[in-house]
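# An overview of the molecular structure
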Amino acid sequence: MSVLLVYATVEGQTGKIAQVIETQLRDASCDVTLADTEQRTAQVSFDGIKKVILAAPVHERRHPETFEVFLAAHRAELNDCDTLLLSVSLSAAFKECLAEAGEYVTELKMRTKFTPNAEMLVAGAVRSHHYDYYAMQVLRHVVLRGKDYDPSVDEQEFTDWAALTKEVARFVQIDVPVQ
């Protein structure tokens, strides 16, 4: 099976997610094409593609502009495929913030006028060394307010790799790898 994996990454967690998915799919004998929306001049072919996995992080309530532009520009081709959207955010890491994480996807769909066939809210990571003073304050006092986690102490990965692997396997209709 041929799978197109389109992603954007800001601090690296979604890039890591894309690499893990690529490995999972290749290990299941899928033909995988990666497309990073930050590479604006890269040509993407939908020839022979039936499944598309779309992965992007959320920062300040939005997915990257290049990702949204890709979705809007390729809406017709994407509508001809079976699509899975992986929206990566810290909000998805906390039960009490899942509704907000869902709002990010709703806003993405409104802006791009594209609705994927399936969606998964994926918990992201804290990459403290990427943040300036302002970003650290927003993270501490807005995003992680009331949570038992201090972002200045250490970096933290919240991604549930088992759930992600299971959802990708379900979507592409392959066996879940044994861990």
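Note that this is a predicted model, so its numbers are computed, not measured. Each residue is numbered by its place in its chain's sequence as written, counting from 1. Local features in this predicted model are restricted to residues of pLDDT 70 or higher, and side-chain atom pairs are both shown and tallied only at a pLDDT of 80 or more, whereas totals for entire chains, interfaces and linings draw on every residue. Side-chain metrics in this entry use all non-hydrogen atoms of the structure; hydrogen atoms and water are not considered.

## Looking at the overall build of the protein chain
Looking only at helices and strands, one finds six helices and seven strands in the protein chain. Its helices and strands taken in sequence order, the protein chain reads β-α-β-β-α-α-β-α-β-β-α-β-α from the N to the C terminus. Counting across all 179 residues of the protein chain, residues that qualify as buried make up 47%. It only takes one pair of heavy atoms within 4.5 Å for two residues to be counted as in contact. Across the protein chain, contacts joining residues at least 24 apart in sequence account for 77% of those joining residues at least 6 apart. Helix and strand labels come from DSSP, where a helix needs a run of H or I of at least four residues and a strand needs a run of E of at least two; each type is numbered from the N terminus. Here's how the labels work: a residue is buried when its accessible area is under 20% of the maximum for its type, exposed when over 50%, partly exposed in between, all with a 1.4 Å probe on protein chains only.

## A short note on the environment of Gln156
Structurally, the position occupied by Gln156 is in strand 7 (residues 156-157). On the accessibility criterion, Gln156 (31% relative accessible area) is partly exposed. Each C-alpha atom of the pair Gln156 and Gly124 lies 8.9 Å from the other, and the pair is 32 residues apart in sequence.

## Brief notes about the sheet that holds strand 2 (residues 31-36)
Read across the open sheet, the five strands follow the order 2-1-3-4-5; overall the sheet is parallel. A strand with exactly one partner marks an edge of an open sheet, and here the two such strands are strand 2 and strand 5 (118-123). Going across the sheet, the axis of each strand differs from the next one's by a mean of 20°, ignoring polarity. Pairs of strands are assigned from DSSP output, requiring at least two bridges between the strands. Note that strand 1 (residues 2-7) and strand 2 share six bridges and pair parallel. Looking at the pairing, Leu4 lines up with Thr33 of strand 2. In this description, a line fitted to the C-alpha atoms serves as the axis of each element, helices being fitted only across the stretch in contact, and the angle between N-to-C directions of two axes falls anywhere from 0 to 180 degrees. Against the sheet, helix 1 (residues 13-27) makes contact with strand 1, strand 2, strand 3 (51-57), strand 4 (82-89) and strand 5, and its axis sits at roughly 175° relative to strand 1, the strand it touches most. Contacts from helix 4 (residues 98-112) reach strand 4 and strand 5 within the one sheet, and its direction differs from that of strand 5 by about 130°.

## Description of the pattern of salt bridges
We define a salt bridge as a contact between a side-chain nitrogen of Lys or Arg and a carboxyl oxygen of Asp or Glu at a distance within 4 Å. Scanning all chains against the criterion turns up ten salt bridges. Two residues, Glu100 and Arg61, come together in a salt bridge whose shortest N-O distance is 3.5 Å. On the criterion of sequence distance, the pair formed by Glu100 in helix 4 and Arg61 in the loop between strand 3 and helix 2 (65-73) is long-range, its members being 39 residues apart. Given a relative accessible area of 33%, Glu100 falls into the partly exposed group. According to the relative accessible area criterion, Arg61 is partly exposed, its value standing at 31%. Where salt bridges share partners, they join Arg61, Glu100, Glu103 and Glu107 into one cluster.

## Details of the nonpolar core
Grouped burial of nonpolar side chains is what soluble globular proteins tend to show. With 23 residues, the main nonpolar core has Ile21, Leu25, Ile53, Leu86, Leu164 and Val172 as its most contacted residues. For this core, the elements supplying multiple residues, two or more each, are strand 1, helix 1, strand 3, strand 4, strand 5 and helix 6 (161-172). Sorting elements by how many residues they give to this core places helix 6 first, with five residues. Excluding its chain neighbours within four sequence positions, the residues that come into contact with Leu25 are Val3, Cys30, Val32, Ile53, Val168, Val172 and Ile174. Counting 18 residues, the second-largest nonpolar core is a separate cluster that includes Ala8, Ala35, Phe70 and Leu85. The term nonpolar core refers to a set of buried residues drawn from Ala, Val, Leu, Ile, Met, Phe, Trp, Tyr and Cys, joined through side-chain atoms within 4.5 Å.

## Thoughts on the confidence of the model for the protein chain
In low-pLDDT regions, the fine details of the predicted coordinates are not to be read closely. Values of pLDDT, the confidence the predictor places in each residue, fall between 0 and 100. Residue-level pLDDT values for the protein chain average 88, and 83% of them are 70 or greater. The lowest-confidence element of the protein chain is helix 5 (residues 133-143), averaging 57 in pLDDT; the highest-confidence one is strand 3, averaging 98.

## Looking at the packing of helix 2 against helix 4
With their axes 9 Å apart at the nearest point, helix 2 and helix 4 run at an angle of 50° to one another. In terms of orientation, helix 2 lies oblique with respect to helix 4. The hand of the helix 2/helix 4 crossing is right-handed. For the pair helix 2 and helix 4, contact is made by Phe67, Glu68, Leu71 and Ala72 and by Leu108, Arg111 and Thr112, respectively. A class-by-class count of the residues in the contact of helix 2 with helix 4 yields four nonpolar, one polar and two charged. We call two directions roughly parallel when the angle between them is under 35 degrees, roughly antiparallel when it is over 145, roughly perpendicular when it lies between 65 and 115, and oblique otherwise. Here is the rule for handedness: rotate from the far helix to the near one, and if that takes an anticlockwise turn smaller than a right angle the crossing is left-handed, while a clockwise turn gives right-handed. Under the grouping applied here, Gly and all other residues not named as nonpolar or charged are polar, the nonpolar ones being Ala, Val, Leu, Ile, Met, Phe, Trp, Tyr, Cys and Pro and the charged ones Asp, Glu, Lys and Arg.

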